[in-house]
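# Per-entry structural report
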There are 2 protein chains.
Amino acid sequence: MMAKKPSLSAEAAPSPAAQTPDEDLMYDLAELFRIFGDSTRVKILYVLLNGEKCVGEISELLTATQSAVSHQLRVLKQAKLVKYRREGKTVYYALADDHVRTIIGMGVEHLTE
Amino acid sequence: MMAKKPSLSAEAAPSPAAQTPDEDLMYDLAELFRIFGDSTRVKILYVLLNGEKCVGEISELLTATQSAVSHQLRVLKQAKLVKYRREGKTVYYALADDHVRTIIGMGVEHLTE
DNA sequence: CTTTCACATGAACAATTGTTCATGTATTAT
DNA sequence: ATAATACATGAACAATTGTTCATGTGAAAG
């Protein structure tokens, strides 16, 4: 028989038919997606799909103020969605890993179908 | 400095150009992810991974009020992330398509790695 | 027809969030 | 040391958002 249970979490089996979703996981999931849920931040992630860029370049590409971009870069940094390296006065940001790429790709795919 | 808008556009490619991201696409992307960016809504989507459920079941599983769940189901419905069917007094909700499944899966994967 | 059940929805309030403005920090140049 | 450049950050304000409370709607039962 095919079991139709999600293989995502394995907690102590409560009731047969229905398990309440894990609070912490759900909260973290929502928190993760909330990062993508802002125009400025998706734009930043989007332009970083092509490789690292410094703050100045990013704010030019987005037509956003340097301050706004910096604030959002901090959010992305804290969420470990981007990494950065310093070179003199300039700070270069890049996508932290390929999950970001995949998630954005999924979103675009969903919208363009 | 004075970057001009490119006349050629191939915005849906896997590696988009290092140019100003398309406003509308970015807005829609953010809007899509914002739906996933709330605990109540991800929980709803999560329990629907197992198949369709009625509103009462959902609010029991989430330990949330029926009103709150109904409000969020409306948001999910408007975003075309869930579909529904009526059976007497009961309304059953289900995931609209597999994109939802995939996106949540990506999120969980990102968190558990 | 009236009641009850399952769900939907409007209003209002609190909480969260993103931007701007001003200022702070770090690095390089003069 | 002083200035200039590139970026970060705190405070405050407006806007958005999610919940609760109360009420409304549609369907089946009595």
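In what follows, the structure referred to is the one given above.
The following refers to the structure shown.

## Describing the overall build of chain A
Scanning chain A from terminus to terminus reveals 5 helices and 3 strands. Counting from the amino terminus, chain A carries its helices and strands in the arrangement α-α-β-α-α-β-β-α. The buried share among the 113 residues of chain A stands at 42%. As presented, chain A carries roughly 6,500 Å² of accessible surface, and 51% of it is formed by carbon and sulfur atoms.

## Some details on the protein's contact with DNA strand C
Around DNA strand C, the structure places 24 residues, and the nearest of them are Thr40(A), Arg41(A), Ser67(B), Ser70(B) and Tyr93(B). A breakdown of the atoms of DNA strand C within 4 Å of the protein gives sugar and phosphate a share of 61%. Interatomic distance of 2.5 Å between a side-chain N/O atom of Arg41(A) and a phosphate oxygen of DNA strand C. Between DNA strand C and the protein, one listed contact pairs a base oxygen with a side-chain N or O atom of His71(B) at 2.8 Å.

## With respect to the pairing of strand β3 (residues 90-95) of chain A
All names here are of chain A. Here strand β1 (residues 53-54) pairs with β3 via 2 bridges, running antiparallel. Along β3, the bridge assignment pairs Cys54 with Tyr92. Bridging between strand β2 (residues 82-87) and β3 involves 6 bridges; their strand directions are antiparallel. Residue Lys83 lies in a different strand from β3, and its bridge partner there is Ala94. Linking β2 back to β3 in an antiparallel pair, the connection comprises 2 residues, with Gly88 at a positive phi of about 70°.

## Quick word on the relation of the copies chain B and chain A
In the superposition of chain B on chain A (RMSD 0.1 Å, axial shift 0.0 Å), the rotation amounts to 180°. What the superposition gives is, in effect, a two-fold axis relating one chain to the other.

## A short note on the sheet that holds β1(A)
Residue and element names in this part refer to chain A. The strand order across the open sheet formed by 3 strands is β1-β3-β2, and the pairing between neighbours is antiparallel. Among the strands making up the open sheet, the edge pair consists of β1 and β2. Across the face of the sheet, helix α2 (residues 39-48) comes into contact with β1, β2 and β3 while running at roughly 90° to β3.

## Description of the packing of helix α1 (residues 23-36) of chain A against helix α2 (residues 39-47) of chain B
For the pair α1(A) and α2(B), interaxial distance at closest approach is 8 Å and the crossing angle is 115°. Looking at the two axes, α1(A) sits roughly perpendicular to α2(B). Crossing handedness for the pair α1(A) and α2(B): right-handed. Contacts between α1(A) and α2(B) pair Glu23(A), Leu25(A), Met26(A), Tyr27(A), Leu29(A) and Ala30(A) from the former with Ser39(B), Val42(B), Lys43(B) and Tyr46(B) from the latter. Here the residues of the contact of α1(A) with α2(B) are counted per class, giving 7 nonpolar, 1 polar and 2 charged.

## What about α1(A)?
If you check α1(A), its first and last C-alpha atoms are 21 Å apart, about what 14 residues at 1.5 Å a residue would give, namely 20 Å. Along α1(A), the residues classified as buried are Leu25(A), Met26(A), Leu29(A), Ala30(A), Leu32(A), Phe33(A), Ile35(A) and Phe36(A). Buried residues along α1(A) sit against α2, α4 (66-78) and α5 (98-111) of chain A together with α1 (23-36), α2 and α5 (98-111) of chain B.

## Section: a negative patch on the surface
Residue and element names in this part refer to chain B. Residues Asp22, Asp24, Asp28 and Glu31 make up a contiguous surface patch of negative charge. Position of Asp24 relative to the elements: it lies in helix α1. On the accessibility criterion, Asp24 (55% relative accessible area) is exposed.

Reading the values: rules and limits
Residues numbered from 1 in each chain as written. Chains lettered and ligands numbered in written order. Predicted model: local features only at pLDDT ≥ 70, side-chain atom pairs only at ≥ 80, totals over all residues. Heavy atoms only, no water. Helix = DSSP H or I, 4+ residues; strand = E, 2+ residues; numbered from the N terminus. Buried < 20%, exposed > 50% of the residue type's maximum accessible area, 1.4 Å probe, protein only. Areas by Shrake-Rupley, 256 points an atom, 1.4 Å probe, with all protein chains shown as cover. Near = heavy atom within 4 Å. Polar contact = N/O pair within 3.5 Å; in protein donor to acceptor, adjacent residues only side chain to side chain. Pairing = 2+ DSSP bridges. Least-squares fit on C-alpha atoms with pLDDT ≥ 70 in both. Contact = heavy atoms within 4.5 Å. Axes fitted to C-alpha atoms, helices over the stretch in contact; angles between N-to-C directions. Parallel < 35°, antiparallel > 145°, perpendicular 65-115°, else oblique. Left-handed = near helix turned anticlockwise from the far one by under 90°. Nonpolar A, V, L, I, M, F, W, Y, C, P; charged D, E, K, R; others polar. Expected span 1.5 Å × (residues − 1). Patch = residues over 30% accessible without salt bridge, like charges linked within 9 Å, V, L, I, M, F, W, Y side chains within 5 Å. Salt bridge = Lys/Arg side-chain N within 4 Å of Asp/Glu carboxyl O. Lys, Arg positive; Asp, Glu negative; His and termini not counted. Charge placed at Lys NZ, Arg CZ, Asp CG, Glu CD.

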